[in-house]
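# Coordinate inspection notes
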Amino acid sequence: MADSKREIERKYEATAETRLPDLSRVTGVSSVVHQGVGELDAVYYDTEDLRLAAASITLRRRTGGDDAGWHLKFPVASGIRDELREPLSDTLPRSLAGLVRSRVRDGALVPVVRLRTARDVHRLTGADGSSLAEVSVDTVRAERLIGGEAGRQPGRGGTAVWTEIEVELADGTDPALLDAVEKRLRKAGVRPSAAPSKAARALAETDPGAGRGTEDARAARRGTPPSSREDTARQEAVETVPGVRKDEAREGTAPGTRQDAGPVTAGDHVLAYLRAQTEEIVALDPAVRRDLPDSVHRMRVATRRFRSALRTYRRILDRGVTDPIGDELKWLAAELGIDRDQEVLDARLRAALDTLPRTLVLGPVRARLQIWSGAGRGGSRSRTVAVLDGDRYLTLLNRLDALLAEPPLRSAASHAPGRALPRAVLKEYGRLAARVGHALELPPGHDRNLALHDARKAAKRARYAAEAAGPALGRPARRFASRVKAVQTLLGDHQDSVVARDALRNLAVQAHAAGEQGFTWGLLHGREEATAAEEERQLPAVWERAARPKVRRALGG
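Each value, and the rule that gives it
Residues numbered from 1 in each chain as written. Predicted model: local features only at pLDDT ≥ 70, side-chain atom pairs only at ≥ 80, totals over all residues. Heavy atoms only, no water. Helix = DSSP H or I, 4+ residues; strand = E, 2+ residues; numbered from the N terminus. Buried < 20%, exposed > 50% of the residue type's maximum accessible area, 1.4 Å probe, protein only. Areas by Shrake-Rupley, 256 points an atom, 1.4 Å probe, with all protein chains shown as cover. Salt bridge = Lys/Arg side-chain N within 4 Å of Asp/Glu carboxyl O. Contact = heavy atoms within 4.5 Å. Pairing = 2+ DSSP bridges. Axes fitted to C-alpha atoms, helices over the stretch in contact; angles between N-to-C directions. Core = buried A, V, L, I, M, F, W, Y, C linked by side-chain atoms within 4.5 Å. pLDDT = per-residue confidence, 0-100. Lys, Arg positive; Asp, Glu negative; His and termini not counted. Polar contact = N/O pair within 3.5 Å; in protein donor to acceptor, adjacent residues only side chain to side chain. Phe/Tyr/Trp six-rings, centres within 6.5 Å; stacked < 30°, edge-to-face > 60°. Lys NZ or Arg CZ within 6 Å of the ring centre and 35° of its normal. Expected span 1.5 Å × (residues − 1).

Turning to the overall build of the chain, a few remarks are in order. Within the chain, the secondary structure is distributed over 18 helices and eight strands. When each of the 557 residues of the chain is scored for burial, the buried share is 48%. Roughly 25500 Å² of accessible area belongs to the chain as shown, and the carbon and sulfur atoms make up 49% of that amount.

The structure is reproduced here in structure tokens:
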């Protein structure tokens, strides 16, 4: 796995005549140590239509400095990126190639721009001599290696030269230091840069088809106040990507994630929701591969939301086209569920064990749980990554894009959202009401557990239907979704208890076969039974609140 580092930095406009102010006067800074000037040579890679740049992702191979190698950066927030590093090699390391697969797909990664930087480094240190931040004055020479306008113009593009100041926090430094440093820089007449990254600026300023935008960017180097060009500079960073309009060109915005105008019809709203889920799936792919917290869950939810919307809004989208895609989404959600379900189960059992007094934990309970958890989690983890590396998954992503590019709209798609969307939401409510009613009629036990699980799935579908309609229907849809979510949460907790009891019984059997005490496993099993009984007792009241007629009447339709 590649080394990972959280990069927190800010960039500022400068000229060759710009001089750093005395930063030793910044609160908390004891001294400024000049580290000298180093030469960096970086080649940035992307597809010819700049898919990575459109998502504010940068991939480079850099020589020079103390961190030569391959660097892949993902945006986290403004001025914050996660950087993953691999040692220098002639070809792109496989680990980094996998992390951009959901963006690149079958496209080839090619050199798009080369940056040669003379970096004059100054290290800010604290009273104990520890490094607080690194301030660099960078003189950058950029050379475009592909044609202009995202590869639509043949041959190489142009060149550009600029100077900028970069302030990067050292690990563990309070981010408030950035504000203090910026205050000193502003007093010296230095202003923040509008470009989100060097690569984005290079692509904008070296694009021969950028026209006036390029001249505006060059004006930045002459000291034009950023307030007059901030939007232009940000747009230029991704404006060369096909299909991205100027009102879409914002840092972190991928092509196709906004409609040409605000949603008007029922079809517009459904498609906007589907676009958001598609972008979520694509964006979370590298997070799942990196095993970041909650990433599998969020990706699975986006997959389920997309599939649920296809099923709910069949009067808007032709199911002859969408049903096969829905089947593939079901497959993906199930594959992601293997990892996610194990993760949830592990956390539940560990938390339950932690609540027990030490006197009630008899035998090597924690060791057995650790072994069982590691075996299950390791297998599910490797399987999930294998799924993301497979052709079937890549085909699914392409099919989602194709669906959104040419949606199979039915006649109801042209209706006003206040007419078509509430009908679909209320239909999902009807399914939920029938399943909850059926479950409550059954006596406690296996059959009721199955019925409650079915009701949970119906609650999730009704909630997703309301969330998709939320931008059109406003507060009534949000209130409906909130009430149904309470039902879903209660039923989800109940189902988690059912699964936990099965796991505890299996652990008890394994312990008994090994000659270990089974007391603690039985105790935990009994507690789960009591928890499930209490959740079943609460269900009628939670359901009554969600089922109030006024909540549904407010939806209209």
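As a further point, take the pattern of salt bridges. Per the counting criterion, the structure on display carries 50 salt bridges. For the salt bridge of Lys 5 with Glu 168, the shortest nitrogen-to-oxygen distance reads 3.0 Å. With a gap of 163 residues between them, Lys 5 in strand β1 (residues 3-14) and Glu 168 in strand β8 (residues 159-169) connect regions that are remote in the sequence.

Counting through the fold element by element, Ile 80 comes out in strand β5 (residues 80-86). Discounting chain neighbours no more than four positions away, the residues touching Ile 80 are Arg 6, Glu 7, Ile 8, Phe 74 and Pro 75.

All right, on to the sheet that holds strand β2 (residues 31-46) then. The eight strands are arranged β1-β5-β4-β3-β2-β6-β7-β8 in a closed barrel whose pairing can be described as antiparallel. Neighbouring strand axes in the sheet, compared pairwise and without regard to direction, differ in orientation by 35 degrees on average. Pairing geometry for strand β3 (residues 58-63) and strand β4 (residues 69-77), over five bridges, is antiparallel. Counterpart to Thr 58 in the pairing with β4 is Lys 73.

The next thing to look at is the nonpolar core. Leu 274, Tyr 313, Ile 316 and Phe 480 are the most contacted members of the largest nonpolar core, which totals 68 residues. Among residues more than four places away in sequence, those in contact with Ile 316 are Ala 266, Gly 267, Val 270, Pro 408, Leu 409, Arg 410, Ala 412, Ala 413 and Leu 421. Within the second largest apolar cluster, 18 residues are counted, among which are Tyr 12, Val 26, Ala 133 and Leu 178.

For the rest of this paragraph, the subject is the confidence of the model for the chain. When pLDDT is averaged along the chain, the result is 89; 88% of the residues meet or exceed 70. Predicted confidence in the chain is weakest over helix α8 (residues 230-239), with a mean pLDDT of 35, and strongest over β3, with 98. Segment residues 150-155 is flagged for pLDDT under 50; beyond a separation of four residues in sequence, or across chains, it makes 18 contacts in the model. This stretch, residues 212-259, has a pLDDT under 50; its non-local contacts, to residues over four places away or in other chains, come to 88 contacts.

Here Arg 144 is to be found in strand β7 (residues 131-144). Comment: no salt bridge for buried Arg 144; closest opposite-charge side chain is Asp 207, at 4.4 Å. Here the side chain of Arg 144 touches Ile 146 through a polar contact of 3.4 Å, landing on its backbone oxygen.

Before going further, it helps to examine the pairing of β7. Sheet topology note: the strand β6 (residues 110-125)/β7 ladder contains 13 bridges and is antiparallel. Directly across from Arg 114, in β7, lies its bridge partner Glu 143. With eleven bridges joining them, β7 and β8 adopt antiparallel strand pairing. Considered in β8, the bridge of Val 137 is made with Ile 165.

A word on the side chain of Arg 300. With respect to the helices and strands, the residue Arg 300 is situated in helix α10 (residues 295-312). Accessibility expressed as a relative area gives 11% for Arg 300, which makes it buried. A polar side-chain atom of Arg 300 sits 3.4 Å from the main-chain carbonyl oxygen of Ala 333. A distance of 2.9 Å separates the side chain of Arg 300 from the side chain of Asp 341, its partner in a polar contact. The contact partners of Arg 300, leaving out residues within four places of it in the chain, are Ala 333, Leu 336, Gly 337, Arg 340 and Asp 341.

Another aspect to go through is the packing of aromatic side chains. Counted under the stated rule, the structure contains three aromatic pairs. Look at Tyr 45 and Trp 70: their rings are 5.3 Å apart centre to centre, the planes differ by 45 degrees, and that puts the pair in the tilted class. Residue Tyr 45 is located in strand β2, and its partner Trp 70 is located in strand β4; the two are separated by 25 residues in the primary sequence. Ring centres 6.3 Å apart and planes at 65 degrees place the aromatic pair Tyr 429 and Phe 480 in the edge-to-face group. Here Phe 480 lies in helix α16 (residues 475-513) and Tyr 429 lies in helix α14 (residues 417-441), a separation of 51 residues in the sequence. Of the two residues, Tyr 429 and Phe 480, both sit in the buried class. Connected via pairs of aromatic rings, a cluster forms that spans Tyr 429, Phe 480 and Trp 543. Just above the ring of Trp 331 sits the side chain of Arg 392; from NZ or CZ to the centre is 4.2 Å.

For helix α13 (residues 391-405), with 15 residues, the first-to-last C-alpha span of 21 Å sits near the 21 Å given by 1.5 Å per residue. Every buried residue of α13 is listed here: Tyr 393, Leu 394, Leu 396, Leu 397, Leu 400, Leu 403 and Leu 404.

Looking now at the environment of Val 551. With respect to the element layout, Val 551 can be found in helix α18 (residues 549-553). Accessibility expressed as a relative area gives 0% for Val 551, which makes it buried. Separated by 68 residues in sequence, Val 551 and Arg 483 have C-alpha atoms that sit 8.8 Å apart. Apart from residues no more than four positions distant in its own chain, Val 551 is found in contact with Arg 479, Phe 480, Arg 483 and Arg 545.

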